[in-house]
Amino acid sequence: MISLLWAGFLLGCGFGVAARLGNFCLLRGLRQIHSGGGDAPALRAYALALAVAMAATQCLASMQQIDLAQAQIVRSAFGVPGVLAGGALFGFGMVMAGSCGARAIVLFAGGNLRALVVLASLGLAAQATLTGILAPLRQALQGVGQVQLEAGTLPAQLQLAGMSATPAILLAALPPIALLLWFALRSPGLRRAPREAATASLIGALVALGWWLTSHVDVDPFDPAAPTSLSFIGPVAESFLYLQLAVERDLNLGPVMVLGTLAGAGGVALVTRSFKLTGFDSPQRLLASLAGGSLMGFGGVLAVGCSIGQGLSGLSTLALASIPACLGIVLGCHIGLAAENSIHSLRGHTP
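My aim in this report is to walk through the structure given alongside it, one point at a time. Note that the structure is predicted; figures quoted are calculated from it, not measured. (Residues numbered from 1 in each chain as written. Predicted model: local features only at pLDDT ≥ 70, side-chain atom pairs only at ≥ 80, totals over all residues. Heavy atoms only, no water.)

Side note on empty space enclosed by the protein
Heads up, the condition is: Using a 1 Å grid laid over the protein atoms alone, points where a 1.4 Å probe fits but cannot get out form a cavity; open sets with protein on both sides within 12 Å along at least 5 of 7 lines form a pocket; any residue with an atom within 4 Å of a point counts as lining. Grid points are joined across faces, edges and corners, and a volume is the space filled by probe spheres set on the points. To qualify as a helix, a DSSP run of H or I must reach at least 4 residues; to qualify as a strand, a run of E must reach at least 2; elements of each kind are numbered from the N terminus. Each residue gets one of three labels, nonpolar for Ala, Val, Leu, Ile, Met, Phe, Trp, Tyr, Cys and Pro, charged for Asp, Glu, Lys and Arg, and polar for the others, Gly among them.
For the coordinates displayed, the defined rule picks out two cavities of 30 Å³ or more. Considered as a void within the structure, the largest cavity measures approximately 60 Å³ in volume. Breaking the lining of the largest cavity down by element, the ones donating at least two residues are α1 (4-22) and α5 (101-109). Ranked by residues supplied to the lining of the largest cavity, first place goes to α5 with three residues. Residue composition of the lining of the largest cavity, by class: nine nonpolar, one polar and one charged. Reported here for the second largest cavity is a volume of approximately 30 Å³.

Structure representation (structure tokens):
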């Protein structure tokens, strides 16, 4: 029987293959909006991935295959200002770095050495925020404006109001799924890009598969671990930590998933002959990558996730804490892209 580590590696491989083949990236879609790039097929692909992730995850929950109340990302107590600010810092850092953490892994697998700098600074900042010198600041920010809910997900809240499980899931999930599908498919851009549509759908399915795997594979009945799915802030930090402290330290799911993503994306880069070593063209670009990665590391930990961990995995559970995190990520991206466009305009360039 397959172990959870091998399952996590294969899950990462699937994500790496799909993300590389489909050029999957939230920032790319938002950049298309800011640059007037038609109907933004990359953003519609992201919406399709989220719709599939949400539908599949909620189907598993309705069949009692997964218990989302126990999921790592689901919290009933959280500080709204801190989560929102963390998401905004992550989004702004994503623009500075030119990629999110997941995208940086995929780019690095194709020979992009700029992405390695982003990942190194992200991992260092995330670990410093989790357990290092930035931990007191994180704890202080997370304590501001704390809200305490009776349940961490919208379906669970509806059940507390008296609804049974399946109607609560349907009422909570169907409207956002329908809206996401309408946005994804209403314009011809994504329909004319079958590869992007197929790989986005696969990524959405992998999110749900992640929840199922961590709920059923290698589960200790006496001490079950919290279910989790695709996410890359904590796992990138754990990967760098494992490289330094591997002796007498157990390898866990996060670094294995990162390794699988590298393997999957790297395999696609080799097969398609798109692997190419690239570096920085200026010191300014290096500084922007370092700063962007650091902001993503700190902001991602503060928001408890990234554009994949919160934007896809978190929202697929209909977790209420994921809403301000994702709003912050989009807001930070828009601020960063607007600033980027202004700088280009001042320099006399078109973005």
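Regarding a nonpolar patch on the surface
Applicable threshold: Note on patches: the residues involved have over 30% relative accessible area and no salt bridge, like charges join within 9 Å, and the nonpolar side chains Val, Leu, Ile, Met, Phe, Trp and Tyr join within 5 Å. The Shrake-Rupley method, run with a 1.4 Å probe sphere, supplies the accessible areas, and residue values consider only the shown protein chains as cover. Note on definitions: salt bridges are taken to be side-chain nitrogens of Lys or Arg within 4 Å of carboxyl oxygens of Asp or Glu. Only protein chains enter the accessibility calculation, which uses a 1.4 Å probe; a residue whose area is less than 20% of its type maximum is buried, one above 50% is exposed, and one in between is partly exposed.
On the surface, a nonpolar cluster with roughly 480 Å² of combined accessible area is contributed by Leu113, Leu116, Leu270, Phe275 and Leu277. With respect to the helices and strands, Leu113 occurs in helix α6 (residues 113-131). Under the relative-accessibility criterion, Leu113 is labelled partly exposed at 38%.

What to know about the packing of helix α12 (residues 233-244) against helix α13 (residues 253-271)
A pair of packed helices is captured by two measures, namely the crossing angle of their axes and the spacing between those axes. Selection rule: Between the N-to-C directions of two axes lies an angle of 0 to 180 degrees, each axis being a line fitted to C-alpha atoms and, for a helix, fitted only over the stretch in contact. Note on terminology: angles under 35 degrees are roughly parallel, angles over 145 are roughly antiparallel, angles of 65 to 115 are roughly perpendicular, and the others are oblique. Note on contacts: a residue pair qualifies if any of its non-hydrogen atoms lie within 4.5 Å across the two residues.
Two elements in contact, α12 and α13, have axes whose closest approach is 8 Å; the angle formed by their N-to-C orientations is 95°. In terms of orientation, α12 lies roughly perpendicular with respect to α13. Facing α12, whose interface residues are Pro235, Val236, Glu238 and Ser239, α13 presents Gly254, Pro255 and Val258. Residues belonging to the contact of α12 with α13 are distributed by class as follows: four nonpolar, two polar and one charged.

Overview of the pattern of salt bridges
In this structure the tally under the stated criterion is two salt bridges. The partner of Glu196 in a salt bridge is Arg28, with the nearest N and O atoms 3.3 Å apart. Linking Glu196 in helix α11 (residues 194-216) with Arg28 in helix α2 (residues 26-34), this pair joins segments that are 168 residues apart in sequence. The buried category is assigned to Glu196, whose relative accessible area is 14%.

What about the nonpolar core?
Going by this rule: In these notes, a set of buried Ala, Val, Leu, Ile, Met, Phe, Trp, Tyr and Cys residues joined through side-chain atoms within 4.5 Å is what counts as a nonpolar core.
One finds Phe15, Phe24, Leu230, Phe232, Ile308 and Leu312 to be the most contacted residues of the largest nonpolar core, which totals 76 residues. For this core, the element with the highest residue contribution is helix α3 (residues 41-62), accounting for 12 residues. Setting aside chain neighbours within four positions, we find Leu230 in contact with Leu11, Phe15, Ile203, Leu206, Val207, Met257, Ile308, Gly309 and Ser313. Formed by five residues, the second largest nonpolar core is a distinct cluster that contains Phe78, Val83, Ala321 and Ala325.

Topic: α12
In plain terms, the rule: The span you would expect from a helix comes to 1.5 Å times its residue count less one.
With 12 residues, α12 should reach 16 Å at 1.5 Å per residue; the first-to-last C-alpha distance of 18 Å fits that figure. By the burial criterion, the buried members of α12 are Ile233, Pro235, Val236, Ala237 and Ser239. Summarising the contacts, the buried residues of α12 are in contact with α4 (80-97), α5, α6, α13 and α14 (283-302).

Considering the packing of aromatic side chains
Under the convention used in this document: Ring pairs shown here join Phe, Tyr and Trp side chains whose ring centres sit within 6.5 Å, with only the six-membered ring taken for Trp; geometry is labelled stacked below 30 degrees between planes, edge-to-face above 60, and tilted in between. Over a ring means this: the NZ of a Lys or the CZ of an Arg is within 6 Å of the ring centre and within 35 degrees of the ring normal.
Under the counting rule described, the total for this entry stands at three aromatic pairs. Seen from their ring centres, Trp6 and Phe9 are 5.8 Å apart, and the 85° between their planes marks the pair as edge-to-face. You can see Trp6 and its partner Phe9 sitting in helix α1, three residues apart, about one turn around the helix. Both rings, one in Phe24 and one in Tyr46, keep their centres 5.6 Å apart while their planes meet at 15°; by these two values the pair is stacked. Residue Phe24 is found in the loop between α1 and α2, and its partner Tyr46 is found in helix α3; the two are separated by 22 residues along the sequence. By relative accessible area, which is 8% here, Phe24 ends up buried. A relative accessible area of 9% places Tyr46 in the buried class. When the ring centre of Phe183 is taken as reference, the NZ or CZ atom of Arg44 above it lies at 4.4 Å.

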